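One letter stands for each residue in the lines below.
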Amino acid sequence: TWHLKKIPQIVRERTFSLDSPKFEAKTKLELNSVCGIECQRKLPVPSLSDLKSLLSYETVFENGTRTLTEVSVLGAVPDPAANTTTRRPLRRKRQIYGTDSRFSIYDKRFMTNFPFNTAVKISTGCSGILVSPKHVLTAAHCLHNGKDYVKGSKRLRVGLMKTKSRGNGRKRKGAKRRTSDGMPSFQWTRVKSTHIPKGWFKGVSGDIALDYDYAVLELKRPHKRKYMELGISPTIKMMPGSMIHFSGFDNDRSGQLVYRFCSISDESNDLFYQYCDAEPGSTGSGIYLRLKEPNKKKWKRKIIAVYSGHQWVDINGEQQDYNVAVRITPLKYAQICFWIHGNDENCTQG
């Protein structure tokens, strides 16, 4: 069951103008993190002043201008996750583990319907997920390398899958239905603004690692399709079979929407460690669960993490590789919700 939690408040304090970015960084779809599971557990719980700094955010607009918004955090309560390390043998560097368990979604009737239609392609080479009629959630490193914005993010676009209608949508009598085996077509929309938490800029230096590898894009024009709601990430113990799901546009399957599901192996306060098969290109995908609504028989899917990509992590002094996702904690829920609505009135319960 989805358990409702009271959400901290993110309150805007001041907004400053910054110099325009250079947009000269190279897009890097695989990151090298120095802070693994054991390192994460040793990190101190951020103080209130730390949180104010980490959750302050930069906004880059379509015309290249940039602002920094400082925030206050009200009602924040540390919410540590129980960590249950699963000891596994060392594996060679890869993002496909054993038998490739990914599914390519070929049928456009599935591609363009919920939940698969919430997956979008980012013009810098990543994936993302629709979280409102005008907003997309993705990974921060798809847009920024920690020091500068990547080259393609100046004229950033988002591709939504669509079905091409033939002959004004009319079907000839007696004509056979064709199964689609071609490339999906994308309807590309310009991005009006991009929000990235300040914690990401600090994170790439190795101090906080991947904890703040998420960003929200505001589209120039709203779409009319169903989007995925945000949810608070539960601990592994609270997930049915510890299973997660996500869809994205993996580079090795060009033009195909790729779906996968797997169980989570380990967790820290801010990250999930798992062996969901993936390749660069699916980075930024929204990871979701399907749980029951409180006091109802209805099931609902919600986004509980953002797929960040392949990482080497430290386990008992040895290097081990995982595919890693950034959990949506109550604080991150508050921030993302604030970016979507522009206020915290609609973000009190998650």
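None of these values were measured; they are calculated from a predicted model.

> Which parts of the structure should I look at to understand the state of the cysteines?
Put plainly, a disulfide is one covalent bond tying together the sulfur atoms of two cysteines. Taken as a whole and judged by the stated rule, the model has one disulfide. Here C126 connects covalently by a disulfide to C142, the sulfurs 2.1 Å from one another. Taking the torsion about the sulfur-sulfur bond, which here is approximately -95°, the covalent link between C126 and C142 counts as left-handed. Residue C126 is located in the loop between strand 5 (119-122) and strand 6 (127-130), and its partner C142 is located in the loop between strand 7 (135-138) and strand 8 (157-162); the two are separated by 16 residues in the primary sequence.

> Is there a simple way to explain the pattern of salt bridges in this structure?
Pairing is possible between side chains of opposite charge, provided their charged atoms come close. By the definition in use, this model includes nine salt bridges. Between E62 and K220 there is a salt bridge, with its nearest N and O atoms 3.2 Å apart. Taken as a pair, E62 in the loop between strand 2 (57-61) and strand 3 (66-74) and K220 in the loop between strand 10 (215-219) and strand 11 (229-230) lie far apart in primary sequence, 158 residues in all. On the basis of relative accessible area, E62 is assigned to the partly exposed category, the value being 25%. In this structure, K332 engages D270 in a salt bridge whose closest nitrogen and oxygen atoms are separated by 2.7 Å. Note that K332 is positioned in helix 5 (residues 330-341) and D270 in the loop between strand 13 (257-267) and strand 14 (271-274), a separation of 62 residues in sequence.

> I would appreciate a short explanation of unusual backbone geometry in the present structure.
Backbone phi values are negative for most residues with the exception of glycine, while trans is the configuration of most peptide bonds. A positive phi angle, close to 55°, is found at F23, a residue other than glycine. When you line up the elements, F23 lands in the loop between strand 1 (9-18) and helix 1 (37-42).

> Please clarify how helix 5 should be interpreted in this entry.
Two residues of an α-helix separated by three or four positions point the same way, owing to the 3.6 residues in each turn. Given a rise of 1.5 Å per residue, twelve residues ought to cover 16 Å, and the 16 Å separating the end C-alpha atoms of helix 5 matches this to within 8%. Burial of helix 5 is extensive: eleven of the twelve residues sit out of reach of the surface. Looking at helix 5, one finds that the buried residues are P330, L331, K332, Y333, A334, Q335, I336, C337, F338, W339 and I340.

> What is the right way to look at helix 2 (residues 48-55) in this model?
Residues of helix 2 that are buried: L51, L54 and L55. With its buried residues spanning 85° around the axis, helix 2 presents them on a single face.

> Sorry, what's going on with the packing of aromatic side chains here?
Aromatic ring pairs are reported here in terms of the distance separating the ring centres and the angle at which the planes meet. Under the definition given, this model contains eight aromatic pairs. Ring centres of F23 and Y149 lie 5.9 Å apart, and the angle between their planes is 50°; on these two criteria the pair is classed as tilted. Placement of F23 in the loop between strand 1 and helix 1 and of Y149 in the loop between strand 7 and strand 8 is noted, with a sequence separation of 126 residues between them. There is no split in this pair, since F23 and Y149 are both buried. Arranged with centres 5.7 Å apart and planes meeting at 45°, the rings of F186 and W188 form a pair that is tilted. On the basis of relative accessible area, W188 is assigned to the partly exposed category, the value being 34%. The ring of W188 carries R157 above its face, with NZ or CZ at 4.7 Å from the centroid. It is K332 that lies over the ring of Y212; its NZ or CZ is 5.3 Å from the centre.

> Hey, could you run me through the nonpolar core in this one?
Soluble globular proteins tend to bury their nonpolar side chains together. Core analysis: the largest hydrophobic core is formed by 66 residues, its most contacted members being L55, L137, V158, Y214 and L230. If one sorts the elements of this core by residue count, helix 5 sits on top with eight residues. In this structure, M239, I287, L289 and Y307 belong to the second largest nonpolar core, which totals 16 residues.

> I'm lost on the environment of I7 in this one. Help?
One can find I7 in the segment before strand 1. Residue I7 is classed as buried on the basis of its relative accessible area of 6%. Taking C-alpha positions, I7 is 7.6 Å from Y333, a pair spaced 326 residues apart along the chain.

> What should I look at first to understand the pairing of strand 5 in this one?
On a regular strand, one side chain projects to one face of the sheet and the next to the other, so that they alternate. Of the pairings in the sheet, the one linking strand 5 to strand 6 comprises three bridges and is antiparallel in character. Looking at the pairing, V120 lines up with G128 of strand 6. Counting the residues in the hairpin turn of strand 5 and strand 6 gives four residues, including G125, whose phi is positive at 110°. Two strands pair when backbone bridges link them, and strand 5 and strand 8 are joined in this way by three bridges, in the antiparallel orientation. Within strand 8, the residue paired with I122 across the bridge is V158.

> When you look at the pairing of strand 3 in this model, what are you seeing that I'm missing?
By the criterion of burial, strand 3 is predominantly enclosed, with seven of the nine residues buried. Pairing between strand 1 and strand 3: nine bridges, direction antiparallel. For F16, the partnering residue across the bridge sits in strand 3 and is L68. The pairing of strand 2 with strand 3 spans four bridges and is antiparallel.

Rules behind the numbers
- Residues numbered from 1 in each chain as written.
- Predicted model: local features only at pLDDT ≥ 70, side-chain atom pairs only at ≥ 80, totals over all residues.
- Heavy atoms only, no water.
- Disulfide = S-S within 2.5 Å.
- Helix = DSSP H or I, 4+ residues; strand = E, 2+ residues; numbered from the N terminus.
- Salt bridge = Lys/Arg side-chain N within 4 Å of Asp/Glu carboxyl O.
- Buried < 20%, exposed > 50% of the residue type's maximum accessible area, 1.4 Å probe, protein only.
- Expected span 1.5 Å × (residues − 1).
- Arc of directions from axis to C-beta.
- Phe/Tyr/Trp six-rings, centres within 6.5 Å; stacked < 30°, edge-to-face > 60°.
- Lys NZ or Arg CZ within 6 Å of the ring centre and 35° of its normal.
- Core = buried A, V, L, I, M, F, W, Y, C linked by side-chain atoms within 4.5 Å.
- Pairing = 2+ DSSP bridges.

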